[in-house]
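Descriptive analysis of the structure
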Amino acid sequence: MTSVAPTVRRTTTVQVAGTAGGVGTTTVAALLFAALSQDVLGAPRLYDHAAGELGLRLPEGDEVRLLNPGIGLHDCGAHAAAAVARLADPHTVLVLVTAATAGLATLMIRLL
């Protein structure tokens, strides 16, 4: 008799974190949500660091027909250090949002 171990489906979490307030982290998270929501498997689970501000920025709102339990999208706001710490989990992807200035972008690349 052959035994088959049950497969555990892990959730991939996309952490969208900013280097400072006002750099566009919530906007980037909203754009990612809008794009990922077009997937046939459904929209990602949405986590917001603020009290629903992310939902207000979504062009189609946060109501979806189908939810994909295999992916989560977390708007971390200006908490890049906390998001970097979560990278120990191999199912975590970090999208780092920084101001559009050459000096700061060069510094962040050196730090990474």
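Report follows, based on the coordinates. (Residues numbered from 1 in each chain as written. Predicted model: local features only at pLDDT ≥ 70, side-chain atom pairs only at ≥ 80, totals over all residues. Heavy atoms only, no water.)

So, the sheet that holds strand S2 (residues 43-48)
A sheet is described by the order of its strands in space; here four strands give the open sequence S2-S3-S1-S4, paired in parallel fashion. In the strand order of this sheet, the two ends are held by S2 and strand S4 (92-97), each with one partner. Taken over all neighbouring pairs, the strand axes of this sheet differ in orientation by 20° on average, direction set aside. For S2 and strand S3 (residues 67-77), the ladder comprises six bridges, and the chain directions are parallel. From the neighbouring strand, Pro-44 faces S3, where its bridge partner is Asn-68. Running over the sheet, helix H1 (residues 25-36) touches strand S1 (12-18), S2, S3 and S4 and is turned about 165° from S3. (Pairing = 2+ DSSP bridges. Helix = DSSP H or I, 4+ residues; strand = E, 2+ residues; numbered from the N terminus. Axes fitted to C-alpha atoms, helices over the stretch in contact; angles between N-to-C directions. Contact = heavy atoms within 4.5 Å.)

Here we look at H1
Here H1 contains 12 residues, and its C-alpha end-to-end distance of 16 Å stays within 8% of the 16 Å for a straight helix at 1.5 Å per residue. Among the residues of H1, Thr-25, Thr-26, Ala-29, Ala-30 and Phe-33 are the ones counted as buried. Viewed end-on, H1 has its buried residues packed into an arc of 135°, placing them on one side of the element. What points out from H1, more than 90 degrees from its buried face, is the exposed set Leu-31 and Ala-35. (Expected span 1.5 Å × (residues − 1). Buried < 20%, exposed > 50% of the residue type's maximum accessible area, 1.4 Å probe, protein only. Arc of directions from axis to C-beta.)

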